[in-house]
Amino acid sequence: MNRAFALAASLGAALLPASALADARVVTSPEALPSGHERPRVFLGGSIDMGSAPDWQKQVIEALHSEEVVLLNPRRADWNPAWKPEANEPEFRRQVEWELAALDSADVIVLYLAPGSQSPVSLLELGLHARSGKVVLLCPPGFWRKGNVDITGERYGVKQVRSLDELIAETRRRVANLARK
């Protein structure tokens, strides 16, 4: 049971601020990012591959649903593969700009580079944020550039984990640390 709900049950919900009873908020591209920053923000970056990669973001969202966090999800249900990956394509530009803004506003950047995927945008995101201290990375064997990712991660102190469960646990730990500050 969520600690806030247990506390609410014992003290009475009327004695707690509304934020103490809140669950995770999911913001999916191209939805506007929240204007305030009252909760830690977690960007769910990594393999999407135009929708062909497994929806690992859904698993992370389900696992963190009771956390007091904003989950920034770039995987959009209405993605149209006919949109050209060009700067003058309005919906493509909207997606890229949303992702860049979400990455910059994130307190934690989760990157999962799935085996069998190439994820060039995720590699770019890793390069942009490797030195930030915000990245938690899962890059299992079978990812086409695992060696590059491992060496880059080692050089810049990127926290690497070995499984989706460890990725979720490390994200929870970081969110808890941020909430204490």
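Note that the structure is predicted; figures quoted are calculated from it, not measured. (Residues numbered from 1 in each chain as written. Predicted model: local features only at pLDDT ≥ 70, side-chain atom pairs only at ≥ 80, totals over all residues. Heavy atoms only, no water.)

Visitor: I'd like to hear about the overall build of the protein chain, residue by residue, with values.
Guide: Of the regular secondary structure elements, the protein chain holds six helices and six strands. Seen in sequence order, the protein chain has helices and strands lined up from the N terminus as α-β-β-α-β-α-β-α-β-α-β-α. Within the protein chain, residue pairs in contact and separated by at least 24 positions form 69% of the contacts whose partners lie at least 6 positions apart. Total accessible area on the protein chain is roughly 9,900 Å²; 55% of this is exposed by carbon and sulfur atoms. (Helix = DSSP H or I, 4+ residues; strand = E, 2+ residues; numbered from the N terminus. Contact = heavy atoms within 4.5 Å. Areas by Shrake-Rupley, 256 points an atom, 1.4 Å probe, with all protein chains shown as cover.)

Visitor: Which residues make up the packing of aromatic side chains, and what are the values?
Guide: In the structure shown here, the tally under the stated rule is three aromatic pairs. Look at W79 and W83: their rings are 4.9 Å apart centre to centre, the planes differ by 90°, and that puts the pair in the edge-to-face class. The residues W79 and W83 share a single accessibility class, namely buried. (Phe/Tyr/Trp six-rings, centres within 6.5 Å; stacked < 30°, edge-to-face > 60°. Buried < 20%, exposed > 50% of the residue type's maximum accessible area, 1.4 Å probe, protein only.)

Visitor: Could you give an account of the pattern of salt bridges, naming the residues involved and the relevant values?
Guide: Tallied over the full model, the rule gives 11 salt bridges. Among the salt bridges present, the one from R76 reaches D78, with a minimum N-O distance of 2.7 Å. The salt bridge involving D150 is made with K146; its shortest N-O contact spans 3.1 Å. Remark: K146 and D150 occur in helix α5 (residues 146-156); sequence separation between them is four residues, near one turn of the helix. One salt-bridge network, held together by shared partners, links R76, D78, E91 and R94. (Salt bridge = Lys/Arg side-chain N within 4 Å of Asp/Glu carboxyl O.)

Visitor: Can you explain helix α6 (residues 164-180)? Please cite residues and give values.
Guide: Helix length check: α6 (17 residues) gives 24 Å between terminal C-alpha atoms against 24 Å at 1.5 Å per residue, within 8%. Regarding α6, the residues found buried are L164, L167, I168, E170, T171, R174 and V175. All buried residues of α6 project into a common sector of 165° when viewed along the axis, lining one side. Pointing more than 90 degrees away from the buried face of α6 are the exposed residues D165 and R180. (Expected span 1.5 Å × (residues − 1). Arc of directions from axis to C-beta.)

Visitor: I'd like a rundown of the packing of helix α3 (residues 90-105) against helix α4 (residues 120-129), residues and numbers included.
Guide: Between α3 and α4, whose axes approach to 12 Å, the crossing angle comes to 35°. Once α3 is placed against α4, the crossing between them reads as right-handed. Of α4, the residues touching α3 (which contributes E99, L100, L103 and D104) are V121, E125, L128 and H129. Grouping the amino acids of the contact of α3 with α4 by side-chain chemistry returns four nonpolar, one polar and three charged. (Axes fitted to C-alpha atoms, helices over the stretch in contact; angles between N-to-C directions. Left-handed = near helix turned anticlockwise from the far one by under 90°. Nonpolar A, V, L, I, M, F, W, Y, C, P; charged D, E, K, R; others polar.)

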